[in-house]
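# Structure assessment
The lines below spell out each chain.
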Amino acid sequence: MPETLEQSAGRFDTVLIANRGEIAVRIQRACRELGLKTVAICSEADRQAPYGKTADSFLCIGPSTAAKSYLNQDAILLAARLAGAGAIHPGYGFLSENAAFADAVEKAGLVFIGPTASSIAIMGDKISAKRAMMAAGVPCVPGPDTALPDDPATIERIALEIGYPVIIKAAGGGGGRGMRVVPKADVLHEAIALTREEARKAFGSRSLYMEKFLEHPRHIEIQVICDDHGNAVWLGHRDCSMQRRHQKVVEEAPAPGIAPDIIQPVGLACVQACLQIGYRGVGTFEFLYEDGAFYFIEMNTRLQVEHPVTEMTSGVDIVQAQIRAAQGHVLDLIQGDVTCEGHSFECRINAEDPETFLPSAGVVTHLALPAGPGIRVDTHIHAGYKVSPYYDSLIAKLIVHAPTRAEAMARMREALAGTEVEGISTNIPFLRALFKDGAFAQGETDIHYLEQWLKLRRAT
Ligand code: MV4
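Numbers given to residues run from 1 along each chain, matching the order in which its sequence is written. Thresholds applied to this predicted model are a pLDDT of at least 70 for local features of residues and 80 or more for the giving and counting of side-chain atom pairs; totals over whole chains, interfaces and linings are not thresholded and use all residues. Each side-chain value is derived from all of the structure's non-hydrogen atoms; neither hydrogens nor water enter the calculation.

### With respect to the overall build of the chain
- Helix and strand counts for the chain come out as 16 helices and 20 strands.
- The globule rule puts the C-alpha radius of gyration for 460 residues at 23 Å, and the 22 Å found for the chain is close to it.
- With respect to the three principal axes, the spread of C-alpha positions in the chain is 60 × 60 × 45 Å.
- Of all 460 residues assigned to the chain, the portion counted as buried reaches 54%. To qualify as a helix, a DSSP run of H or I must reach at least 4 residues; to qualify as a strand, a run of E must reach at least 2; elements of each kind are numbered from the N terminus. Taken over C-alpha atoms, the radius of gyration is set against a globule rule of 2.2 Å times the number of residues to the power 0.38. Here's how the labels work: a residue is buried when its accessible area is under 20% of the maximum for its type, exposed when over 50%, partly exposed in between, all with a 1.4 Å probe on protein chains only.

This is how it looks when you write it as C-alpha cells:
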C-alpha cells in the first residue's frame, strides 16, 4: 500500500535532545512515552548528569562554556549523525530560536522539532512579527508596524501621533533587551540614538520601532499548538507578570480575573495568525494586558519553561504534541475538545543568593522534594548533584494544580514547606514569603509588582 503524505512526512525514530538540565529530562520522558529513542548530549561540566545515563546514547560534544557545546551547531549535527538521530529537539534557550540552526538541521536531512526556519525568522524580527499579527487581526500595541525612519521630523510626528510616553524597541531585541522608555519629547532623539547604537552592537541591526508605553500592564501569554495540515488550537492563557529583571519567577494558568469572553477572541486571533503564517508546533503569543485590553508584543517560537502550568490545566502533554506535530501527524485535538480546569502555579527554584540574586554554585548536600495530589516537580538534580556556574541557575520547577486559585496557592505553600535544598543557596525562602503576600493572593499584581515588593522588603 502506498504511504500517505502523513505517514511519510518527517518520520523519525530517534531524537537528539540539544539541551541540558530539567528540560532535557522532560523531553526525554516525552520521547520514551512516544516510543522514540533518545540521544543526550552534554558539555564537560555535565558529564555526570543523570539525563545522560537514561538516554539511549550519550555524547560529550565540547567544553563547559555553552558557546563551545550547547551552542556549537556543527558539533550537535555531527553528534546527530554519529548517533543516528532523525530529529533534533532544541528545548528552550540555546539554539531553540535560531533560524539558521533550524535551517542547517533540515539541510542535513533531519527534522527540527519546532517551526520552520522562516517562521522563526519572521518572529525573531519584532517588526515583521507585529506586521504579521496586525494582518491576522491580533490586537497590537499602538504604533507603526514599520521601522522608524532616520528623519527627525517624521520620528517626532510618529511619537506625537502615538502620544507620550512611548517606548523605543530594537527589531532584533525581545525579552526585554534593547528597549528604552521616552517620557517626553525633549529626550526622544537622544533615546533613539542610544537604542540604535545598542541595537547595532547587540543584534547587528540598527532597525527600531516605536510603541505607546503601557505603564502598569500584566504579562499574559497564549499557548498554541499547530500541525502541518492547517490545524491549530490555543490551550488557554498564563499570567507571567511575577518577574524580576525579565526573569519570570512564578507563573500561573489561567491568568486570574480574565473573563472568558474577553480572552476568547484573542485566542482565536492567535490561531488565525498561526494558520496564516503556516506555523507548526508549539508557540506562545505574549501580550500586555492593561485596563481590560490585550496588546500583542512578541511571539516565542519554542517550548517555554512555564509550559507545565498549561499542561496541568488543559491536560494536554505539550511536549508530546510538539514532537507528534514534527513527525507530520495530524493534531489529535480540536478547539472544542480543549477545556481548562482548575488552577496551576509554577515556582522556578533557582540556585541563587536569596538577597543578592547572584548565582550559587556547589554541591547539593541534601534534597527533599514534595509529593502528593496535584504536585509535580520537574528537575534534573539529586542529592550529591554539583550545580555548575556555567549555565542558567534554574534547578527545579515546582508545579501545583488544584480546583481553585486559592487552593492552588495553599498547595504551593505546602509544597514549598516540603522542599529542602542544602549545600547551595536558593530562592526558596523568598518564594515562601511571596506566597504569603496579600496582593498576590488577590491576583492584583502587574509586571512591576515583584520589584516593588523586593524594594519594600529590603527597606523593612
Ligand atoms: C512593553 C512595555 C510597556 N509598553 N511595551 C519587556 C520584555 C519584552 N517582551 C517587552 N517588554 C515590555 N514591553 C510597551 N509598549 C513593558 C515591557 C516590560 C515587561 C513586559 C513583560 C514582562 C515584564 C516586563 C518588565 C518590564 C517591561
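### Details of helix H5 (residues 99-107)
- Of the residues making up H5, those classed as buried are Phe101, Ala102 and Val105. Down the axis, H5 shows its buried residues gathered within 100° of arc, on one side only.
- Throughout, a contact is declared for two residues whenever any of their heavy atoms are within 4.5 Å. The secondary structure elements touched by the buried residues of H5 are helix H4 (73-83), strand E4 (87-89), strand E5 (111-112) and helix H6 (117-124).
- Residues adjacent in sequence count toward polar contacts only when both atoms are side-chain atoms; beyond that, a polar contact is any pair of N or O atoms within 3.5 Å, and within protein one must be able to donate a hydrogen and the other to accept it. For H5, the N-terminal cap is Asn98; the gap from its side-chain oxygen to the backbone nitrogen of Ala100 is 3.1 Å.
- Just downstream of H5 lies Gly109, where phi reads positive at about 85°. The directions from the helix axis to the C-beta atoms are what the arc is built from.

### Some words on the environment of Gln335
- Here Gln335 lies in the loop between helix H12 (318-326) and strand E14 (343-350).
- Residues Gln335 and Ala232 lie 103 residues apart in sequence; the distance between their C-alpha atoms is 8.0 Å.
- Only 3.0 Å separates the side chain of Gln335 from the backbone oxygen of Trp234, close enough to count as a polar contact.

### Here we look at the sheet that holds strand E2 (residues 37-43)
- One bridge is not enough; two strands pair if DSSP finds at least two bridges between them. Read across the open sheet, the five strands follow the order E3-E2-E1-E4-E5; overall the sheet is parallel. Looking at strand neighbours, the two that pair on one side only are strand E3 (57-62) and E5, the edges of this open sheet.
- Where E4 meets E5, two bridges bridge the pair, whose relative direction is parallel. Paired with Ile88 across the bridge in E5 is Phe112.

### As for the nonpolar core
- Counting 57 residues, the largest nonpolar core has Phe12, Leu16, Ile76 and Ile88 as its most contacted members.
- The biggest single contributor to this core is helix H2 (residues 21-33), with six residues.
- The split of the chain into domains comes from an automatic or database domain assignment. Shared between two domains, this core takes at least three residues from each, and those domains are domain 1 (5-113) and domain 3 (218-459).
- Nonpolar cores are built from buried Ala, Val, Leu, Ile, Met, Phe, Trp, Tyr and Cys residues. Side-chain atoms within 4.5 Å join them into one set. In this structure, Phe357, Leu367, Leu434 and Tyr449 belong to the second largest nonpolar core, which totals 35 residues.

### Here's the deal with the domain arrangement of the chain
- Split into domains, the chain comes out as domain 1 (5-113), domain 2 (142-212) and domain 3 (218-459).
- Of note, the centres of domain 1 and domain 3, computed from C-alpha atoms alone, are 23 Å apart.
- Contact residues are listed per partner, giving 36 residues for domain 1 and 33 residues for domain 3.
- Summed over both partners, the accessible surface that disappears when two parts come together, traced with a 1.4 Å probe, is what is meant by buried area. Both sides of the domain 1 and domain 3 interface together cover about 2700 Å² of buried area, and 57% of this is carbon and sulfur.
- Salt bridges, as used here, are contacts in which a Lys or Arg side-chain nitrogen is within 4 Å of a carboxyl oxygen on Asp or Glu. At the junction of domain 1 with domain 3, the criterion picks out five salt bridges.
- For the pair domain 1 and domain 3, the number of links is 12 residue pairs in polar contact (both at pLDDT 80 or more).
- Where the side of domain 1 that touches domain 3 is concerned, the elements lending two or more residues are H2 and E5.
- It is H2 that provides the largest number of residues to the side of domain 1 that touches domain 3, a total of nine residues.
- Residue type decides the class: Asp, Glu, Lys and Arg count as charged, Ala, Val, Leu, Ile, Met, Phe, Trp, Tyr, Cys and Pro as nonpolar, and the leftover types, Gly among them, as polar. In terms of residue class, the side of domain 1 that touches domain 3 is built from 18 nonpolar, nine polar and nine charged.

### Digging into the pairing of strand E11 (residues 247-253)
- Buried residues dominate E11, accounting for six of its seven residues.
- Both strand E10 (residues 232-244) and E11 contribute to a ladder of four bridges, which runs antiparallel. For Gln243, the partnering residue across the bridge sits in E11 and is Lys248.
- Counting the residues that bridge the hairpin from E10 to E11 gives two residues, and of these Arg245 lies at a positive phi of roughly 50°.
- As judged from the four bridges shared by E11 and E14, these two strands associate in the antiparallel manner. Among the inter-strand pairings, Glu252 is bridged to a residue of E14, identified as Phe345.

### Observations concerning H12
- Across the nine residues of H12, eight count as buried, placing the element largely inside the fold.
- Those residues of H12 lying buried are Ile318, Val319, Gln320, Ala321, Gln322, Ile323, Ala325 and Ala326.
- Its side-chain oxygen 3.2 Å from the backbone nitrogen of Val319, Asp317 forms the N-cap of H12.

### Concerning unusual backbone geometry
- Of note, the amide linkage connecting Tyr164 to Pro165 takes the cis form, showing an omega dihedral of 0°.
- By the element assignment, Pro165 lies in the loop between helix H8 (152-162) and strand E6 (166-174).
- Each neighbour pair has its own omega, and for Ala253 with Pro254 the value is -5°, a cis peptide bond.
- Along the chain, Pro254 turns up in the loop between E11 and helix H10 (260-277).
- Non-glycine residue Phe357 carries a positive phi angle of around 65°.
- Along the chain, Phe357 turns up in the loop between E14 and strand E15 (362-363).

### Observations regarding the sheet that holds E11
- Reading across from one edge, E13-E12-E9-E10-E11-E14-E19-E17 is the order of the eight strands in this open sheet, with antiparallel pairing throughout. For this open sheet the edge positions go to strand E13 (293-300) and strand E17 (375-379), each flanked by a neighbour on one side alone. Going across the sheet, the axis of each strand differs from the next one's by a mean of 25°, ignoring polarity.
- Here helix H7 (residues 126-135) sits on the sheet and contacts strand E12 (281-290) and E13; the angle it forms with E13, its principal contact strand, is near 130°.
- Most of the contacts of helix H13 (residues 405-417) go to strand E19 (residues 394-402), to which it runs at about 140°, and overall it touches E11, E14, E17 and E19. Axis definition: a line fitted to C-alpha atoms, limited for helices to the stretch in contact. Angles are taken between N-to-C directions and run from 0 to 180 degrees.

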